[in-house]
Structure formats: C-alpha cells, structure tokens
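Close look at the chain arrangement
Now for the letters of each chain:
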Amino acid sequence: MAEPTKNWFAREMRRRGVSRRDFMSFCGGLAAYFSLPSSAAEKIADSLSNAKKPILVWLEFQDCAGNTESFLRSGRPNVAEIILELLSVDYHETIMAAAGKQAEAALGGVVKDHAGSYIAIVEGSIPTGADGAYCTIGGRSALAIAREVCGSAAATIAIGTCASFGGLPAAAPNPTGALGVSDAVPGLKHLVNLPACPTNPENLVALLTYYLTFKRWPELDSYNRPLFAHGKSIHDNCERRAHFDAGQYVENWGDEGHRTGYCLYKVGCKGPVTFHNCPTVRWNEGTNWPIGCGHPCIGCSEANFWDKMTPFYRHLEGVPGFGVASDLDKFGAVATVATAGAFVAHGVVQLGRRTLFKNVVFKGDPSASHESRKPAPGAVPPNDGPKNGGTP
Amino acid sequence: MTHIVVDPVTRIEGHLRVEAEVDHGAVTDAWSSSTMFRGIELILKGRDPRDAWLFAQRICGVCTTVHAIASIRSVENAIGARPPPNARLLRNLIQSAQAVQDHVVHFYHLHALDWVDVVSALSADPAKTSSLAESISDWPLSSTKYFTGVKARLKTFIDRGQLGPFANAYWGHPAYRLPPEANLMAVAHYLEALDFQREFIKLHAILGGKNPHLQSFLVGGMATPVDPDKQASLNTGTIAKLRVLINKAHDFVSRVYIPDVLAIAGFYKDWAGIGAGVGNYLVYGDYPDGDEPGAPLFFPSGIIRGRDISKLERVDPLRITESVKHAWYDYRGGDDTALHPSQGETQPHYTGPKPPFERLDTNAKYSWLKSPRYDGQPMEVGPLSRMLVAYVSGHPQVKKHVDGALSALGVGPTALFSTLGRIAARAIETIVLTEKMQSWLDELGANMAGGDLRIHDNSKWDPATWPKEAFGAGFHEAPRGALGHWVHIKDGVIANYQCIVPSTWNAGPRDGAGLRGPYEASLLGTPVHDPEQPLEILRTLHSFDPCMACGVHVVDVKRREIVRVRMQ
C-alpha cells in the first residue's frame, strides 16, 4: 500500500480522535469476529484505509426499505463513517441527494466506468409478472436493472429475505411472480445471500469488511449464506435453552413462565429450524432480540418462511424426540429432557474441526467449530435450497 | 411548456414517479405515479389472523410497527379481544417512539438536502457558525472547535473526490438560500441525527426485540412480559433505561430539531405560500388515554375542509371510497364506480406502457395507487392534518407549540397550509410526543407498582372462541397519517384484507371525477427555476414524507356487507 494513503488515513483518524491503537483494536475485534488470527488485523486495517473508496450501489426493488433502515442502525462502524469514509455509496435511492435523471446518471456512470469493480447490493424481490411492470424505476423494469447492474458488478449481496429468496412478495400465491436475485438473474458468480427480515447490520458490516479485506466471500452454506452468521441454529445458542431442556415452557402470554423467561417452543418458536446468529449478536448494537422480549422466533432468515413457518404460533411438529405432530402436553418434564438430548445428537451434525476459512492460508486454529445448517431429519426443512449462485 | 419526469423520486421510501408540466417557471399540472406492486393483502388471504400483523408490518420498513398495530387492532376489533392497560401503554410508547425517530430521520436525512447546500458549508466560518448555533439553542455541541472539526471532515470527504450519495445533486442551485454557516450547522446536525436515531430507537429493541420490524405485538396484547421481580421481564431497570432514552429524545428534539426547523424556515418563508394542495385534512386520531371503548385519544380525530379552521367535522369511516379510474386495477362495475374498502373489489390489471418506457399516458390509468376519497373529496393526511385538528380542538400542548412556532416566524395560522407548514407541523408533533411519552411510562410504572402485570387478553386467543364470521377495522395515526386496515375473518382464517394507507391518500392519482390527489394538487404553482433540476418539486413532495411501499394494495373480488366499526 502506498505510503501517502496510510498517512492520509492516520491523519484522518487522529483528527477524529481515534488513535492508531484504537483503530487496530477495532480491526482486531473484526478479526476476532471471523475467528481469524490476530495477524489478520493488519490486513483489515490496510484494506479499510485504502485511498480509493470501494464503490457500492444499493438497488431497491419490491422492498419495504427495512434493510436500508437496518443499515442506518449500524453502529460499529456507524453509517456516517461508512458513507463518508469507508465506502463510496454512489447509488442508494433512500439516502442520495440527486433524483430523477441525475440519479439515473449516477447509476449509469458506475456501471459504465467501474464495470467489474463495484459491489451491488439488492434489497427486495424482483417481479417477473406483467412484463416487469410490477416494479419500474425510471421506466425500466427491476429485472432489466438487476441484470445490467449485478451483471457488471464485482460482487452482489442479496440483502434481506426478499432479495435472497423472494421473501414476502413471493409468499403464496406470489401474485407478481416475485423471485430472489439468484433466481431472477441466474448465473451471477459472485453472489451472497444475507437474509433475515431485515438483515442485521452487524452481519452486513462483517460481510463487507471480509470482502474488502480478502477480495472474496467467507465460506457459505448451501443457501449462499455466510456461515459466520448462519452456521448455527437459534435453538443451539438460545439463552432459554436450559428451560427447553428442563421442560419448562411458556403456556400463556404473561403467565409465570413467560415472565420468568421459559422456553417459547410451545407457543410457536421456530428457533430449532432457524439458522442465524440472532442470539449472540442480538439487535441494535446488542440491545435485545425477539426471544429476549418474550416473542417466539418466526424463522425470518430461512427461505419461504412466510409459508413454511406459518401459522407462526403453532409449535413445530416433527422435532425429533417429540414425534410427528406430537402433543407436548402429553410429555412430562422428564420425557422432555431425555428427548431434548436426542434432538441435539440427532439433529445437529457436528463437523468437528472443520475450519471456517478453508481457502485461507492462515494456519491458525480458529477456535470455533462450525456446524451444518441442516435441520434434523424429519424436522421442518427451513427452505428448498438455492437454485444457483456460488462462491467466487 | 416543458414536460418533465422525475423518476426515481429519491430520499423517500419506495418507488415514486412524478410527471409535470412546467410553464413560465412554475408547475401547471402534475401526475403522481407509484411504480411498484406486491399484493400483500392477497398473500394474507387464507392465513391465521393472529399472524397477519407480522405480514402487514412488512408493508413498510421505514414506518415499521404502524401496519402491525393497525392489523392487530382490526383483528381485535373483529374477534372482540380487549388488550389490558399495560399493552395499551407499551403500544403507545412504541408508536410514539416510531413517530419521533421517523420524523427526525425524515427532516435531517430525507428532506434537509432540499434546503441545505452541503458544498456551500465548505466556505463557512466555524466561528460564525458557532455564534449562529449558540444564538438559537443551548445545545452543547456548538463550539468553534466543534464546527472546525465538522468542516474538516467534510473537506476531507469532498477532497477525496468521491461524493457518493451527495454526487450529481443540485449544489449551487439558486433556490438554496442558507448562508454557508447555516449550511455547516445543518451538516453537523445531519451527522448528529444519524447517531441520535440509532441510539433512540433502542427503545424499540428493548420493547420489541429489534428494530426495524419489532416482534413483540400479539393479537390481544403484547408479548413483552411485565414484572418488577423478574430478570426476563420488563422491570424497573428497563423503565430506567427507557426514561433515559426518552429524556435524550426530548433534549435532542427541543434543542436541535425545533431550533433548526425555525432557523431554516426563517430563510424560506416564501414556502409558507407554496404547496398548499387540496386543503382538506383527515385525522382518525390515536394514542388512547384509557382502556374503555371511546376512551379519549391524545391526538383527536376530525376533518377540516377547505382550509376552514373554524369548523371541525366528525370522521365517519363509512364515507370513505376508492376509485380506480386512473389506477391499474379493474372494478366489475366499471371504472366510474367508487367502493367502500369493506366492499373492496380489485384486480390488478396493468395497462400502462411496457417497460422500458419514457412517458406514462396520464389520460388513462397511470399508478399502482388507487384514489381514496372522503365524501368524494381528496384528503391530506399526516402531521399537518393532525396538528391542525388538534389545534382547532384546543389541544393545550399542540396549541402552545403551534402558537410558539407561528410567533417565532412572524406568520399567521394560514401559513400552515403549505410546504413549510408540513415541515413545522411534523416538528411540533415530535416535541409534543416526546413530552407525552414520560407520562405513559409513568403510568406503566404505576401499574407495575400496583401489581397489574397483565399484558394479554388470553380469552380470545383460541380461534374456537371466535365467531364463525367476523369483520373488523383497525385505525392508526402513522407518522405519515391516517392508516386503516379492514379484515374479514371466516372459519378462523382471513377471508379478505385491505389497507388504505397514508401515502395512498396523499399520493394517489386523479379520481373518477378528475380531482387531483394531494401531491398532484400541491405541486400546482410550485416554482421551477430549471426544469432539468427538479429541486423545488422535491421540496413539496418531500414535505409529505412519501412512503410508497405502503400505498399499494390489492383486495379480493368478493363483495361483502358494509360493517359498522368503532373508531379505535
């Protein structure tokens, strides 16, 4: 890296009251997030202080802007740091100053002048019905824009469950023929799905940092989701897991068990078949998460969850140990404990010392082991799987 | 005569296109078009009504919570569930926090760049900026050193040559009128407001697990347990945290947001005479201050017509109809019929030009929004409508702040009927809510102290307790205005579902009688210095805080009886 760049960055950080030591500590934190050895912090620091900011374009199609709002809640780094210092967000309809022709020109300029070097983020599903008329921007269909912009991008992130898998617009009966990016624009080689409704901004920041640092994606699961965010089930990391194991369940909203923090399984929790780091990262800078405030998980990071996880308040059937369509009321606490153990052993395949970064030359032993996203045989499958896409 | 197209309209939620005729430097006609459709109401058919709020909430991620609450009220209205007092208070706190956060983000991040020239801030003198800031507020971040730092950060950003979201904009446009020092102060507050909104909305995470898209509502109450003696419940520690957040919000709103609005408005007083629009204002009312049906609402309901603030009408939801004359839907009775939402009958049928296209045929159908009307008249909804109705109703807090703002600017109440009036009303609503939130929190604490830990009406949770067939309506005053959801439940599942949302009222196209919607009407006469640069058009559009994903809906084709519903 050129020396002037580092000088500029060091100066800028000093001016903002951030010492080199603090900055390296931040980079070290990111390295730890990915279970990387401490030597990776230097590489992350170099990448983040690059003089030419990487270009990002953010497209919104059949969306609710929930992922955009979530991005605005990013605190580490915060969104001002991202848009002013870390990235050049050249197109994002919700925040950009220009409109109409000037906005279209900004997007066109990126595609023309920076083909192959920018990152595209897509929020919202892409409708295929009515010749594309269910979503147009500047008179062009979402599909045409996605083909052009994602097709010329260095990499694409489908953010949120709608862009990843079709999400809410694609829920039955899918009135507009809505598809996720991977199905609407087949053949994109560098596509990562970052689902959830919305995506947790901590996962977006982690993914972008990883990509900018190593110029490739972290290891992905079979649905093209980063394992660092989707490698374990909610159930496995849930703070209420001990109550599940002890057979202590919320029976009615506001009852003693609910106030005490018992397991929400019987009121419909989809934690056992949902693979997301919600319980550990939590939301809004670690403030809380849905189960933490007494509501069951709805499985929002899984494909087709609007159809497969509903009715949301009906308890999962077929979780191993409880038998298909079992009535939990028949089970006493003792039986539950016994079967819960079976669920762990049966349902979650331990991959042992499989490393997160198998393509990386780091020789260190990442401390965390990572597990398959697959649910237990017989459990509700979280989704139908990806149609295409893959890692670079 | 120049025909201009603004698409995409940016710094809004969703997809909005505006076409306008400009002649002799002013808009002579305008057409508002929503260009995205999902069909969420169709997706809701056949599902468990207790799930509906989770679907409906995803209508919009900017005004998250608002469709959740309207949905839940509609289902509770249908099945007769009665949420206990703690649930009402938690909902009031969540909703008011949503309004406060949303309004701050709207002003600083969606609207301010229409009035604030970011590049001009580079030529500001930080010492003079400090004097300006200290003359309008005692907010502590106001020293010369502070503004020197903000200016340096801005300069570094601009010198790097990658302007990102600030590129290709209208900097230097003659319609920008703030001195460089005011621009620098506004840039500093743009950045501070980014931090504020992120911190303040932790209130939603505390009460709802996460934001956006909270996950603690329930038909019949809330899922957030309340118990001062439990770690896993909302307890006195939580109340203390909430109090800190609410205090900080009041601090920021009263010492930054309100002074900024007044300071910026002072340079743009002519915009108090621009953008009035239809002049009819509709408010359903919200924030119940009691648990019995008919309990008083903190923001009262009412209708003002023809800018006549000497009269206030009662709202009768049965007088609401929708037209599809210029919307891409079919009615069996033809395009000239207008139907009440409970008789809703819609099939999406796109008849516009095949994409890619340059122009819409605005004589035909041209939007995915229908045209809602009250007594056949277009109605503006939103903070301006709410503050006008509250003002006319004699609401003491609203009256105090409205009179204060009018006197600070040296204008009369008619100045409110304008682009600037919408901005002022939104700020006033924000301060009124931050003042009120403490009392809802106090009430919650008092209930807890009195041993009332109820959060949910379990008596109607089991679908077996529901009537075989039921209709319900749920109303809410969302940040952007009057929101209604109508549900028809049959055999325990949703037979039909429909929403009429604020941006449908405001952004809808012409109706069967050719009457313009509020956006369209408000753009008439808007000055346009350069048709190639739609800055002034953006000012008036943004003053409504457009939220297009909310606006689009579809309902089922089955005719059904009008049902009388109480106003929530």
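Bear in mind that the values here come from a model prediction, so they are computed numbers and not experimental data.

A tally of regular secondary structure across chain B gives 16 helices and 17 strands. Computed over the C-alpha atoms, the radius of gyration of chain B is 23 Å, within 12% of the 24 Å expected from 2.2 N^0.38 for a compact globule of 568 residues. C-alpha atoms of chain B, sized along the principal axes, occupy 70 × 60 × 50 Å. Expressed as a percentage of the 568 residues in chain B, the buried residues total 68%.

Looking now at the overall build of chain A. If you tally the helices and strands in chain A, you get 17 helices and nine strands. Residues counted as buried form 63% of the 392 residues belonging to chain A. A separation of at least 24 residues holds for 74% of the contacts in chain A among residues at least 6 apart in sequence. When the accessible surface of chain A is split by element, carbon and sulfur atoms take 53% of a total near 13200 Å².

As a further point, take the sheet that holds strand β9 (residues 191–194) of chain A. Two pairing modes exist for strands in a sheet, parallel and antiparallel, and in both the strands are linked by backbone hydrogen bonds. All names here are of chain A. Overall, parallel pairing links the five strands, which are arranged β2-β1-β3-β7-β9 in an open sheet. The two strands at the open ends of the sheet, each matched to only one other strand, are β2 (88–92) and β9. The mean angle between the axes of side-by-side strands here comes to 20 degrees, regardless of whether they run parallel or antiparallel. Two elements, strand β1 (residues 55–60) and strand β3 (residues 119–123), share five bridges in a ladder whose sense is parallel. For Trp 58, the partnering residue across the bridge sits in β3 and is Ile 121.

Attention shifts here to the packing of aromatic side chains. Residues and elements named next belong to chain B. Counted according to the given criterion, the structure contains 44 aromatic pairs over all chains. With 6.2 Å between their ring centres and 65 degrees between their planes, Phe 37 and Tyr 329 make a pair best called edge-to-face. Here Phe 37, found in the loop between β3 (26–34) and α1 (40–44), pairs with Tyr 329, found in strand β11 (residues 329–330); they are 292 residues apart in sequence, far enough to count as distant. The burial state of Phe 37 is the same as that of Tyr 329; both residues are buried. An aromatic cluster is built from Phe 107, Tyr 108, Trp 139, Phe 196, Phe 200, Phe 252 and Tyr 257, whose rings are joined through pairwise contacts.

Moving on, we come to the state of the cysteines. All names here are of chain A. This structure, assessed with the given rule, holds zero disulfides over all chains. With no disulfide of its own, Cys 150 has Cys 135 as its nearest cysteine by sulfur position, at a separation of 13 Å. Residue classification places Cys 150 among the buried residues on the basis of a relative accessible area of 2%. With no disulfide of its own, Cys 238 lies closest to Cys 269 among cysteine sulfurs, the gap being 6.4 Å. The exposure class of Cys 238 is buried, given its relative accessible area of 15%.

As a further point, take helix α6 (residues 144–159) of chain B. Here α6(B) spans 22 Å end to end across 16 residues, near enough to the 22 Å set by a 1.5 Å rise per residue. At the exit of α6(B) stands Gly161(B), carrying a positive phi of roughly 85 degrees.

Facing the 93 residues of chain B at the interface are 96 residues of chain A. Overall, the association of chain B and chain A removes approximately 7900 Å² of surface from exposure, summing both partners, and the carbon and sulfur fraction of that is 58%. Interface area lost by chain B to chain A is led by Arg153(B), Arg160(B) and Gln162(B), which between them contribute 10%. The tally of links between chain B and chain A comes to seven salt bridges. Residue Lys230(B) is joined to Glu256(A) by a salt bridge in which the shortest nitrogen-to-oxygen separation is 3.0 Å. For the pair chain B and chain A, the interface holds 45 residue pairs in polar contact (both at pLDDT 80 or more). At the level of secondary structure, the elements contributing two or more residues to the side of chain B that touches chain A comprise α1, α2 (52–57), α4 (85–111), α6, α7 (180–200), α8 (202–208) and β4 (217–218) of chain B. At six residues, the largest contribution of residues to the side of chain B that touches chain A is made by α7(B).

As for its placement among the helices and strands, Glu429(B) is situated in helix α12 (residues 419–449). Ignoring sequence-local partners within four residues, the contact set of Glu429(B) consists of His103(B), Phe299(B), Pro383(B), Arg386(B), Met387(B) and Pro479(B).

Before going further, it helps to spend a moment on the sheet that holds strand β10 (residues 320–323) of chain B. Residues and elements named next belong to chain B. A sheet is described by the order of its strands in space; here three strands give the open sequence β12-β10-β14, paired in antiparallel fashion. Sheet topology places β12 (338–339) and β14 (371–374) at the edges, where each strand pairs with a single neighbour. In this structure, β10 lies alongside β14, joined through four bridges in antiparallel fashion. Each bridged residue has a counterpart across the sheet, and for Ile 320 the counterpart in β14 is Tyr 374.

What follows deals with unusual backbone geometry. Note the cis peptide between Asp7(B) and Pro8(B), where omega equals 5 degrees. Mapped onto the fold, Pro8(B) is located in the loop between β1 (2–6) and β2 (16–23). Here the bond from Asn211(B) into Pro212(B) is cis, since omega is 0 degrees, no more than 30 degrees from zero. Here Pro212(B) is to be found in the loop between α8 and β4. At Asn174(A), a position not held by glycine, the phi torsion is positive, near 45 degrees. Following the sequence through the fold, Asn174(A) ends up in the loop between α8 (160–165) and β8 (178–179). A residue is classified by how much of its surface remains accessible, and Asn174(A), at 22% relative accessible area, is partly exposed. Although it is not a glycine, Arg11(B) adopts a positive phi angle of roughly 55 degrees.

Considering all chains together, one arrives at 57 salt bridges over all chains under this definition. Here Asp511(B) and Arg373(B) are joined by a salt bridge, their closest N and O atoms 2.5 Å apart. Of this pair, Asp511(B) sits in the loop between α13 (502–507) and α14 (518–523) while Arg373(B) sits in strand β14, and the two are 138 residues apart along the sequence. The exposure class assigned to Asp511(B) is buried, which follows from its relative accessible area of 4%. With a relative accessible area of 3%, Arg373(B) lands in the buried category. Of the charged contacts, one joins Arg386(B) and Glu429(B) as a salt bridge, the two residues approaching to 2.5 Å between their closest N and O atoms. You can see Arg386(B) sitting in helix α10 (residues 383–392) and its partner Glu429(B) sitting in helix α12, a full 43 residues away along the chain. Taking the relative accessible area as the measure of exposure, Glu429(B) reaches 1% and is therefore buried. A single salt-bridge network, built from bridges that share partners, covers Glu285(A), Asp195(B), Arg198(B), Glu199(B) and Lys202(B).

Residues and elements named next belong to chain B. Averaged over every residue, the pLDDT of chain B is 95; residues scoring 70 or more account for 96%. Overall, residues 554–568 carries pLDDT values under 50, and its contacts beyond four positions in sequence, including any with other chains, amount to 59 contacts. ipTM for the predicted complex: 0.96, alongside a pTM of 0.89.

Here we come to the pairing of strand β7 (residues 155–159) of chain A. Residue and element names in this part refer to chain A. Of all five residues in β7, five are buried, a share of seventy percent or more. A two-sided burial pattern is seen for β7, the buried positions comprising Ala 155, Ile 157 and Ile 159 on one face and Thr 156 and Ala 158 on the other. Bridge count between β3 and β7: five bridges; the pairing is parallel. Counterpart to Ile 119 in the pairing with β7 is Ala 155.

Glancing now at the environment of Val150(B). All names here are of chain B. Looking at where Val 150 falls in the secondary structure, it is placed in helix α6. We classify Val 150 as buried; its relative accessible area is 10%. Linking Val 150 and Asp 138, residues twelve residues apart in sequence, is a C-alpha distance of 18 Å. Setting aside residues no more than four positions away along its own chain, Val 150 makes contact with Leu 184, Val 187 and Ala 188.

Criteria and cut-off values
- Residues numbered from 1 in each chain as written.
- Chains lettered and ligands numbered in written order.
- Predicted model: local features only at pLDDT ≥ 70, side-chain atom pairs only at ≥ 80, totals over all residues.
- Heavy atoms only, no water.
- Helix = DSSP H or I, 4+ residues; strand = E, 2+ residues; numbered from the N terminus.
- Rg over C-alpha atoms; globule rule 2.2 N^0.38 Å.
- Buried < 20%, exposed > 50% of the residue type's maximum accessible area, 1.4 Å probe, protein only.
- Contact = heavy atoms within 4.5 Å.
- Areas by Shrake-Rupley, 256 points an atom, 1.4 Å probe, with all protein chains shown as cover.
- Pairing = 2+ DSSP bridges.
- Axes fitted to C-alpha atoms, helices over the stretch in contact; angles between N-to-C directions.
- Phe/Tyr/Trp six-rings, centres within 6.5 Å; stacked < 30°, edge-to-face > 60°.
- Disulfide = S-S within 2.5 Å.
- Expected span 1.5 Å × (residues − 1).
- Buried area = accessible area lost by both parts, 1.4 Å probe.
- Salt bridge = Lys/Arg side-chain N within 4 Å of Asp/Glu carboxyl O.
- Polar contact = N/O pair within 3.5 Å; in protein donor to acceptor, adjacent residues only side chain to side chain.
- pLDDT = per-residue confidence, 0-100.

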